[in-house]
Protein chains: 2
Amino acid sequence: MNARDTIDCCDYIHTHEDIVEAVRQKMPDEDTLYDLTELFRIFGDSTRIRILYVLFEAEMCVCDIASLLGMTQSAISHQLRALKNARLVKGRREGKTVFYALADDHVKTIIDQGLNHIAE
Amino acid sequence: MNARDTIDCCDYIHTHEDIVEAVRQKMPDEDTLYDLTELFRIFGDSTRIRILYVLFEAEMCVCDIASLLGMTQSAISHQLRALKNARLVKGRREGKTVFYALADDHVKTIIDQGLNHIAE
DNA sequence: CTAATATATGAATGATTGTTCATATGTTCA
DNA sequence: TGAACATATGAACAATCATTCATATATTAG
């Protein structure tokens, strides 16, 4: 099948052209779609989820997180950067140490929704 | 640094041992962590997000979704399987055609939370 | 300034993943 | 039964990504 043939792919599309039009109009723009996908992609890694769980409890320095999760400082630092770029965590420098904390409480809300789904 | 050295990685961990202990206890078990990560990983792909958006509007057959998104039937079918395994969509066969629909309204809630965050 | 400590980062690598292609399965109709 | 259609699926390939290693930056103490 050729995906470019937008209307002749099967017998059903002609019977629901109003719906097809509604879908087309309600699709979010490319930028929103990209940001949304990117946000969930960040949540889709167990190291990053673990880091977020750690930060639910308290702000913490890179090395403590690494220690808690049994991973290297470098690995954690790389992932903290990803989380920071997604504005899920924020860093605060105090001398040599950088303390990371959750950026806001959307994070917890999103994770809770995820937990809701898997608990179902 | 060796990540196995759970206590001697920096000067701070000793000053917050109560918090470290609290974090340890509140970390979800491995299974939950895996399911949660897996769920968000499924949301973390723009094709799958697009499919979910299409299904917000109405149930639809594989080939219509493919047509709407300008992708091949095979690609969509593969992704529908992923969405089905994550129990985000469900399929209903009617003759030759299989209609897919959202499994429940957690899906919309989770995506809305994501939109909330990026709109912020 | 130098040494020590905490964090950040670029490059390399192994693993994972989305799409494609070819083909199989399942259903209807003649 | 056989042809036509809708969907599903396994294997292969290219692209993406998490971690590691080595090293750079930043801060403090001496």
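The structure under discussion appears in the preceding block.
The paragraphs below set out a description of the structure included in this document. (Residues numbered from 1 in each chain as written. Chains lettered and ligands numbered in written order. Predicted model: local features only at pLDDT ≥ 70, side-chain atom pairs only at ≥ 80, totals over all residues. Heavy atoms only, no water.)

### What about the overall build of chain A?
Turning to step 1, where the next piece is worked out: Along its length, chain A carries six helices and three strands.
Turning to step 2, where the next piece is worked out: When the helices and strands of chain A are placed in sequence order, the string is α-α-α-β-α-α-β-β-α.
Turning to step 3, where the next piece is worked out: When burial is assessed residue by residue, chain A has 47% of its 120 residues classed as buried.
Turning to step 4, where the next piece is worked out: When contacts within chain A are restricted to residue pairs at least 6 apart in sequence, those whose partners lie at least 24 apart make up 47%.
Turning to step 5, where the next piece is worked out: If you sum the accessible surface of chain A, you get close to 6,200 Å²; carbon and sulfur atoms cover 46% of it. (Helix = DSSP H or I, 4+ residues; strand = E, 2+ residues; numbered from the N terminus. Buried < 20%, exposed > 50% of the residue type's maximum accessible area, 1.4 Å probe, protein only. Contact = heavy atoms within 4.5 Å. Areas by Shrake-Rupley, 256 points an atom, 1.4 Å probe, with all protein chains shown as cover.)

### With respect to the sheet that holds strand S2 (residues 89-94) of chain A
All names here are of chain A.
Turning to step 1, where the next piece is worked out: Read across the open sheet, the three strands follow the order S1-S3-S2; overall the sheet is antiparallel. Because the sheet does not close on itself, it has two edges, and the strands there are strand S1 (60-61) and S2.
Turning to step 2, where the next piece is worked out: Sheet analysis places S2 next to strand S3 (residues 97-102), joined by six bridges and oriented antiparallel. Its bridge partner lying in S3, Gly 91 is registered against Tyr 100. (Pairing = 2+ DSSP bridges.)

### Notes on the sheet that holds strand S1 (residues 60-61) of chain B
Residues and elements named next belong to chain B.
Turning to step 1, where the next piece is worked out: In space, the three strands of this open sheet follow the order S1-S3-S2, with antiparallel pairing throughout. On the outer flanks of this sheet lie S1 and strand S2 (89-94), each paired with one strand and no other.
Turning to step 2, where the next piece is worked out: Pairing of S1 with strand S3 (residues 97-102), which is carried by two bridges, proceeds in the antiparallel orientation. Across the sheet, Cys 61 pairs through a bridge with Phe 99, a residue of S3.

### Some words on the nonpolar core
Turning to step 1, where the next piece is worked out: Among the nonpolar cores identified, the biggest contains 67 residues, and Phe43(A) and Phe43(B) are the most heavily contacted of them.
Turning to step 2, where the next piece is worked out: Residues contacting Phe43(A), with those up to four places away along its chain left out, are Ile49(A), Leu52(A), Leu88(A), Val107(A), Ile110(A), Ile111(A), Thr37(B) and Phe40(B). (Core = buried A, V, L, I, M, F, W, Y, C linked by side-chain atoms within 4.5 Å.)

### A word on the protein's contact with DNA strand C
Turning to step 1, where the next piece is worked out: Around DNA strand C, a shell composed of 28 residues is seen, among which Ser74(A), Tyr100(A), Arg48(B), Ser74(B) and Gln79(B) lie nearest.
Turning to step 2, where the next piece is worked out: Considering the 4 Å shell around the protein, atoms of DNA strand C inside it are sugar or phosphate in 67% of instances.
Turning to step 3, where the next piece is worked out: The side chain of Ser77(A) places a nitrogen or oxygen atom 3.0 Å from a phosphate oxygen of DNA strand C.
Turning to step 4, where the next piece is worked out: Only helix H4 (62-69), helix H5 (73-85) and S3 of chain A together with helix H3 (46-57) and helix H5 (73-85) of chain B provide two or more residues apiece to the surface near DNA strand C.
Turning to step 5, where the next piece is worked out: Of the residues forming the surface near DNA strand C, the biggest block, five residues, is contributed by H5(A). (Near = heavy atom within 4 Å. Polar contact = N/O pair within 3.5 Å; in protein donor to acceptor, adjacent residues only side chain to side chain.)

### Describing the interface of chain B and chain A
Turning to step 1, where the next piece is worked out: With 67 residues of chain B at the interface, the matching set in chain A holds 67 residues.
Turning to step 2, where the next piece is worked out: In this structure, Glu120(B) engages Arg87(A) in a salt bridge whose closest nitrogen and oxygen atoms are separated by 3.4 Å.
Turning to step 3, where the next piece is worked out: Seen at the junction of chain B and chain A, the total is eight residue pairs in polar contact (both at pLDDT 80 or more).
Turning to step 4, where the next piece is worked out: For the side of chain B that touches chain A, the secondary-structure elements that each account for two or more residues are helix H1 (17-26), helix H2 (30-43), H3, S1, helix H4 (62-69), S3 and helix H6 (106-119) of chain B. (Salt bridge = Lys/Arg side-chain N within 4 Å of Asp/Glu carboxyl O.)

### Describing the protein's contact with DNA strand D
Turning to step 1, where the next piece is worked out: Close to DNA strand D lie 28 residues; Thr47(A), Arg48(A), Ser74(A), Gln79(A) and Tyr100(B) are nearest.
Turning to step 2, where the next piece is worked out: Across the atoms of DNA strand D situated within 4 Å of the protein, the share located in sugar and phosphate is 67%.
Turning to step 3, where the next piece is worked out: Within the side chain of Thr47(A), a nitrogen or oxygen atom sits 2.6 Å from a phosphate oxygen of DNA strand D.
Turning to step 4, where the next piece is worked out: Between DNA strand D and His78(A) there is a distance of 3.2 Å, counted from a base oxygen to a side-chain nitrogen or oxygen.
Turning to step 5, where the next piece is worked out: Sort the elements by how many residues they give to the surface near DNA strand D and H5(B) lands first, with five residues.

### Regarding the packing of aromatic side chains
Turning to step 1, where the next piece is worked out: What the rule picks out here adds up to five aromatic pairs over all chains.
Turning to step 2, where the next piece is worked out: Centre to centre, the rings of Tyr53(A) and Phe56(A) are 5.2 Å apart; their planes meet at 70 degrees, and the pair counts as edge-to-face. Placement of the pair is Tyr53(A) and Phe56(A) together in helix H3 (residues 46-57), with a separation of three residues, close to one helical turn.
Turning to step 3, where the next piece is worked out: For Tyr53(A), a relative accessible area of 10% puts it in the buried group.
Turning to step 4, where the next piece is worked out: By relative accessible area, which is 17% here, Phe56(A) ends up buried.
Turning to step 5, where the next piece is worked out: Taken together through their ring pairs, the aromatic side chains of Phe40(A), Phe43(A), Phe40(B) and Phe43(B) make up a single cluster.
Turning to step 6, where the next piece is worked out: A cation over a ring is seen here: Lys108(A) above Phe56(A), with NZ or CZ 4.7 Å from the ring centre. (Phe/Tyr/Trp six-rings, centres within 6.5 Å; stacked < 30°, edge-to-face > 60°. Lys NZ or Arg CZ within 6 Å of the ring centre and 35° of its normal.)

### Some points on helix H6 (residues 106-119) of chain A
Each full turn of the α-helix corresponds to 3.6 residues, which orients residues three or four apart in the same direction.
Turning to step 1, where the next piece is worked out: Helix length check: H6(A) (14 residues) gives 20 Å between terminal C-alpha atoms against 20 Å at 1.5 Å per residue, within 8%.
Turning to step 2, where the next piece is worked out: Residues Val107(A), Ile110(A), Ile111(A), Gln113(A), Gly114(A) and His117(A) constitute the buried set of H6(A). End-on view of H6(A): buried residues confined to an arc of 150 degrees, all on one side of the axis.
Turning to step 3, where the next piece is worked out: Elements that come into contact with the buried residues of H6(A) comprise helix H2 (30-43), H3 and S3 of chain A together with H2 and H6 of chain B. (Expected span 1.5 Å × (residues − 1). Arc of directions from axis to C-beta.)

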